[in-house]
Amino acid sequence: MGRILLIGGSGAGKTSLKQMLLNEQVSYHKTQMLDFSHTFIDCPGEYLEIPRFYHVLIDASHRVSEIWALQDATKQRSFYPPKFSKVFRKPIIGIITKTDLPKANIKQATVFLNYAGIEEPFYSTSIMDEVGVAPLRKRLEELNELHNH
(Lines give C-alpha, C1' and ligand atoms only; values in the text may rest on other atoms or scores of the structure.)
Protein backbone atom coordinates (compact mmCIF):
# COMPACT_ATOMS: atom_id res chain seq x y z
CA MET A 1 0.00 0.00 0.00
CA GLY A 2 1.34 3.39 -0.92
CA ARG A 3 0.85 5.95 1.78
CA ILE A 4 -0.07 9.57 1.20
CA LEU A 5 1.45 12.52 3.07
CA LEU A 6 -1.08 15.26 3.85
CA ILE A 7 0.44 18.73 4.17
CA GLY A 8 -1.13 22.18 4.54
CA GLY A 9 -1.59 25.00 7.00
CA SER A 10 -3.50 24.68 10.26
CA GLY A 11 -7.19 24.25 9.62
CA ALA A 12 -6.75 23.45 5.91
CA GLY A 13 -8.85 20.30 6.29
CA LYS A 14 -6.21 17.57 6.22
CA THR A 15 -7.69 15.47 9.03
CA SER A 16 -11.29 15.99 7.86
CA LEU A 17 -10.39 14.94 4.32
CA LYS A 18 -8.61 11.86 5.65
CA GLN A 19 -11.62 10.94 7.80
CA MET A 20 -13.99 11.41 4.86
CA LEU A 21 -11.89 9.26 2.52
CA LEU A 22 -11.53 6.50 5.12
CA ASN A 23 -15.30 6.54 5.80
CA GLU A 24 -14.71 7.62 9.40
CA GLN A 25 -16.84 9.99 11.44
CA VAL A 26 -15.70 13.49 10.43
CA SER A 27 -14.93 15.29 13.66
CA TYR A 28 -12.47 18.11 14.04
CA HIS A 29 -9.55 17.65 16.37
CA LYS A 30 -6.23 19.44 16.26
CA THR A 31 -3.47 17.19 14.98
CA GLN A 32 -0.64 17.56 17.49
CA MET A 33 2.02 15.38 15.89
CA LEU A 34 2.54 13.18 12.86
CA ASP A 35 -0.41 10.80 12.69
CA PHE A 36 0.44 7.55 10.90
CA SER A 37 -2.31 5.34 9.55
CA HIS A 38 -2.19 2.53 7.01
CA THR A 39 -3.13 4.99 4.27
CA PHE A 40 -2.07 8.47 5.37
CA ILE A 41 0.55 10.41 7.26
CA ASP A 42 -1.33 13.45 8.58
CA CYS A 43 0.90 16.39 9.55
CA PRO A 44 0.14 19.24 11.92
CA GLY A 45 -0.21 22.53 10.06
CA GLU A 46 2.63 24.02 12.09
CA TYR A 47 5.06 21.74 10.25
CA LEU A 48 4.41 23.85 7.15
CA GLU A 49 3.91 27.17 8.94
CA ILE A 50 7.21 27.10 10.88
CA PRO A 51 10.25 26.71 8.61
CA ARG A 52 12.37 24.90 11.20
CA PHE A 53 9.93 21.95 10.87
CA TYR A 54 10.29 21.60 7.08
CA HIS A 55 12.78 18.77 7.62
CA VAL A 56 10.03 16.70 9.28
CA LEU A 57 7.85 17.01 6.17
CA ILE A 58 10.78 16.15 3.93
CA ASP A 59 11.67 13.13 6.07
CA ALA A 60 8.05 11.93 6.16
CA SER A 61 7.88 12.22 2.37
CA HIS A 62 10.39 9.36 2.09
CA ARG A 63 7.77 7.02 3.58
CA VAL A 64 4.99 7.75 1.09
CA SER A 65 4.12 7.27 -2.57
CA GLU A 66 2.44 10.62 -3.02
CA ILE A 67 1.99 14.00 -1.32
CA TRP A 68 -1.32 15.84 -1.14
CA ALA A 69 -0.85 19.57 -0.54
CA LEU A 70 -4.00 21.27 0.77
CA GLN A 71 -4.84 24.96 0.46
CA ASP A 72 -7.84 26.40 2.30
CA ALA A 73 -9.82 28.48 -0.23
CA THR A 74 -10.94 30.87 2.53
CA LYS A 75 -7.42 31.87 3.57
CA GLN A 76 -5.98 35.14 2.36
CA ARG A 77 -2.44 33.79 2.57
CA SER A 78 -0.45 30.67 1.92
CA PHE A 79 2.17 29.04 4.08
CA TYR A 80 3.89 27.38 1.12
CA PRO A 81 7.25 28.96 0.28
CA PRO A 82 8.07 29.59 -3.39
CA LYS A 83 8.64 26.31 -5.27
CA PHE A 84 8.35 24.32 -2.02
CA SER A 85 7.11 21.26 -3.92
CA LYS A 86 10.53 20.94 -5.55
CA VAL A 87 12.10 19.64 -2.31
CA PHE A 88 10.05 16.45 -2.61
CA ARG A 89 10.99 13.56 -4.84
CA LYS A 90 7.44 12.22 -4.94
CA PRO A 91 4.40 13.18 -6.99
CA ILE A 92 2.56 16.06 -5.35
CA ILE A 93 -1.01 17.06 -6.06
CA GLY A 94 -2.84 20.21 -5.03
CA ILE A 95 -6.17 20.11 -3.25
CA ILE A 96 -8.25 23.24 -2.66
CA THR A 97 -10.50 22.82 0.37
CA LYS A 98 -13.57 24.58 1.76
CA THR A 99 -14.78 25.60 -1.69
CA ASP A 100 -18.39 25.70 -0.46
CA LEU A 101 -17.83 28.52 2.02
CA PRO A 102 -18.88 32.11 1.25
CA LYS A 103 -15.34 33.49 1.54
CA ALA A 104 -13.87 30.81 -0.73
CA ASN A 105 -11.60 32.21 -3.42
CA ILE A 106 -10.61 29.29 -5.65
CA LYS A 107 -8.66 31.53 -8.01
CA GLN A 108 -6.46 32.82 -5.15
CA ALA A 109 -5.96 29.28 -3.79
CA THR A 110 -4.83 28.20 -7.27
CA VAL A 111 -2.29 31.04 -7.32
CA PHE A 112 -0.97 29.94 -3.91
CA LEU A 113 -0.51 26.32 -5.04
CA ASN A 114 1.13 27.40 -8.30
CA TYR A 115 3.48 29.63 -6.27
CA ALA A 116 4.50 26.53 -4.30
CA GLY A 117 5.47 24.87 -7.58
CA ILE A 118 2.52 22.49 -7.62
CA GLU A 119 1.18 21.85 -11.08
CA GLU A 120 -2.45 21.86 -12.12
CA PRO A 121 -5.00 20.36 -12.35
CA PHE A 122 -6.05 20.81 -8.74
CA TYR A 123 -8.84 19.05 -6.91
CA SER A 124 -11.49 21.43 -5.53
CA THR A 125 -13.24 19.92 -2.53
CA SER A 126 -15.87 20.49 0.10
CA ILE A 127 -16.13 18.05 2.97
CA MET A 128 -19.56 19.37 3.96
CA ASP A 129 -21.29 18.39 0.72
CA GLU A 130 -18.64 15.90 -0.50
CA VAL A 131 -17.94 17.90 -3.66
CA GLY A 132 -14.71 16.75 -5.28
CA VAL A 133 -14.23 13.82 -2.91
CA ALA A 134 -15.08 11.09 -5.48
CA PRO A 135 -12.02 11.79 -7.69
CA LEU A 136 -9.78 11.60 -4.62
CA ARG A 137 -11.36 8.29 -3.59
CA LYS A 138 -10.65 7.01 -7.11
CA ARG A 139 -7.05 8.22 -6.90
CA LEU A 140 -6.69 6.44 -3.56
CA GLU A 141 -8.05 3.20 -5.05
CA GLU A 142 -5.68 3.44 -8.01
CA LEU A 143 -2.73 4.01 -5.68
CA ASN A 144 -3.77 0.93 -3.67
CA GLU A 145 -4.04 -1.19 -6.83
CA LEU A 146 -0.66 0.01 -8.04
CA HIS A 147 1.03 -1.00 -4.79
CA ASN A 148 -0.79 -4.31 -4.46
CA HIS A 149 0.72 -5.61 -7.72
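Here is a short report on the structure shown in this document. (Residues numbered from 1 in each chain as written. Predicted model: local features only at pLDDT ≥ 70, side-chain atom pairs only at ≥ 80, totals over all residues. Heavy atoms only, no water.)

1. Brief notes about the pairing of strand β4 (residues 66–72)
Then, number 1: A large share of β4 lies buried, amounting to seven of its seven residues.
Then, number 2: Pairing geometry for β4 and strand β5 (residues 92–97), over six bridges, is parallel. Counted as the bridge partner of Gln71 is Ile96 from β5. (Buried < 20%, exposed > 50% of the residue type's maximum accessible area, 1.4 Å probe, protein only. Helix = DSSP H or I, 4+ residues; strand = E, 2+ residues; numbered from the N terminus. Pairing = 2+ DSSP bridges.)

2. Details of helix α1 (residues 14–21)
Then, number 1: For α1, the buried fraction is high: eight of the eight residues fall into the buried class.
Then, number 2: Residues of α1 that are buried sit in contact with β1 (4–7), β2 (35–36), β3 (40–42), β4, β5 and α5 (133–148).
Then, number 3: Asn23, located one to two residues past α1, shows a positive phi value of around 55°. (Contact = heavy atoms within 4.5 Å.)

3. Structural notes on the pattern of salt bridges
Then, number 1: According to the stated counting rule, one finds eight salt bridges in the structure shown.
Then, number 2: Ionic pairing is found between Glu66 and Arg139, a salt bridge with its closest N-O pair at 2.9 Å. Here Arg139 lies in helix α5 and Glu66 lies in strand β4, a separation of 73 residues in the sequence.
Then, number 3: By relative accessible area, which is 7% here, Glu66 ends up buried.
Then, number 4: Several salt bridges converge on common partners, so that one network encompasses Lys18, Asp35 and Asp42. (Salt bridge = Lys/Arg side-chain N within 4 Å of Asp/Glu carboxyl O.)

4. Describing the packing of aromatic side chains
Here a ring pair, both rings aromatic, is described through the centre-centre distance and the interplanar angle of the planes.
Then, number 1: All told, the structure shown has four aromatic pairs when counted by the stated rule.
Then, number 2: With a centroid separation of 5.8 Å and an interplanar angle of 70°, the aromatic rings of Phe40 and Trp68 are classed as edge-to-face. Taken together, the positions of Phe40 in strand β3 and Trp68 in strand β4 put the pair 28 residues apart, joining distant regions of the chain. Both residues of the pair, Phe40 and Trp68, belong to the buried class.
Then, number 3: One aromatic cluster is present, formed by Tyr54, Phe84 and Phe88 through successive ring pairs. (Phe/Tyr/Trp six-rings, centres within 6.5 Å; stacked < 30°, edge-to-face > 60°.)

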